[in-house]
Amino acid sequence: MIDDDKSFDALADGRRRQLLVELLTHNPQHVPELSGKSQEIAKADEKLFQQHLSSSRAIPGVDEGLLRLHYIHLPKLADYGFIEWDRNAHVVTKGPRFDEMRPLLELLIDQQKEETVVLLRE
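Residues numbered from 1 in each chain as written. Predicted model: local features only at pLDDT ≥ 70, side-chain atom pairs only at ≥ 80, totals over all residues. Heavy atoms only, no water.

### Describing the nonpolar core
Then step 1. Leu20, Leu74, Ile83 and Val92 are the most contacted members of the largest nonpolar core, which totals 23 residues.
Then step 2. Residue assignment for this core shows that the elements contributing at least two residues are α1 (4–11), α2 (14–25), α3 (36–42), α5 (64–80), β2 (83–86) and α6 (98–121).
Then step 3. If you tally residues by element for this core, the top one is α5, at six residues.
Then step 4. Excluding its chain neighbours within four sequence positions, the residues that come into contact with Val92 are Leu19, Leu23, Asn27, Pro28, Gln29, Val31, Leu74, Ile83, Glu84 and Trp85. (Core = buried A, V, L, I, M, F, W, Y, C linked by side-chain atoms within 4.5 Å. Buried < 20%, exposed > 50% of the residue type's maximum accessible area, 1.4 Å probe, protein only. Helix = DSSP H or I, 4+ residues; strand = E, 2+ residues; numbered from the N terminus. Contact = heavy atoms within 4.5 Å.)

Below is the structure:
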């Protein structure tokens, strides 16, 4: 059984939740490549890059969300075994421990559906 802390950490970020939920029905998922400017930032000094990711300062021409996806979210989900990430092919698939996450993901989907029904009734 997977560590609950890892499950909740995986679901703590909206982008990670979205990717995991999408994998339920669409496996594999394509991951957009980093642009030239974003690649330059990623290849910069490691300490400087980590400071940049942890700041709220934006750099023109850099897709901050995609940088975080490539350097924070996907590696974390892969480390936990929820996904497999082929960096060269830019593809994410269900990992060996994905099915351990399935009940939580289905619960999230059910809750979203219930909230939608309630909003439609109001």
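So, next bit.
### Considering unusual backbone geometry
Then step 1. Between Asn27 and the following residue, Pro28, the backbone shows a cis peptide bond with an omega angle of 10°.
Then step 2. Topologically, Pro28 is positioned in the loop between α2 and β1 (29–30).
Then step 3. Here His90, not a glycine, exhibits a phi torsion of approximately 60°, which is positive.
Then step 4. Inspection of the secondary structure assignment puts His90 in the loop between β2 and β3 (91–94).

### Section: the confidence of the model for the protein
Then step 1. For the protein, per-residue confidence averages 81 on the pLDDT scale, and residues scoring 70 or more make up 75% of the total.
Then step 2. Summarising per-element confidence for the protein, the mean pLDDT is lowest in helix α4 (residues 46–54) (64) and highest in β3 (96). (pLDDT = per-residue confidence, 0-100.)

### Some points on the pattern of salt bridges
Pairing between side chains becomes possible if they bear opposite charge and their charged atoms approach one another.
Then step 1. Tallied over the entire structure, the rule returns four salt bridges.
Then step 2. Among the ionic pairs, Asp9 bridges to Lys76, the shortest N-O distance being 3.0 Å. Of the two residues, Asp9 sits in helix α1 while Lys76 sits in helix α5, which places them 67 residues apart along the sequence.
Then step 3. With its nearest N and O atoms 3.3 Å apart, the salt bridge here joins Arg97 to Glu100.
Then step 4. The exposure class of Glu100 is partly exposed, given its relative accessible area of 28%. (Salt bridge = Lys/Arg side-chain N within 4 Å of Asp/Glu carboxyl O.)

### Focus on the layout of surface pockets
Then step 1. The calculated volume of the largest pocket comes to roughly 180 Å³.
Then step 2. Glu33, Leu34, Gln39, Ala42, Lys43, His70, Tyr71, Trp85, Arg87 and His90 are the residues that line the largest pocket.
Then step 3. Of all elements in the fold, only α3 and α5 reach the threshold of two or more residues within the lining of the largest pocket.
Then step 4. For the lining of the largest pocket, the class distribution of residues is four nonpolar, three polar and three charged. (1 Å grid on protein atoms, 1.4 Å probe; cavity = no way out; pocket = protein on both sides within 12 Å on 5 of 7 lines; lining within 4 Å. Points joined across faces, edges and corners; volume = space filled by probe spheres on them. Nonpolar A, V, L, I, M, F, W, Y, C, P; charged D, E, K, R; others polar.)

### Focus: the sheet that holds β3
Then step 1. Across the sheet, three strands lie side by side as β1-β3-β2; this open sheet has antiparallel pairing. Since the sheet does not close on itself, it has two edges, and those belong to β1 and β2, each with one partner.
Then step 2. Taken together, the two bridges between β1 and β3 define a ladder with antiparallel strand orientation. Paired with Gln29 across the bridge in β3 is Val92.
Then step 3. With respect to the sheet, α2 is in contact with β1, β2 and β3, its orientation differing from that of β3 by roughly 70°. (Pairing = 2+ DSSP bridges. Axes fitted to C-alpha atoms, helices over the stretch in contact; angles between N-to-C directions.)

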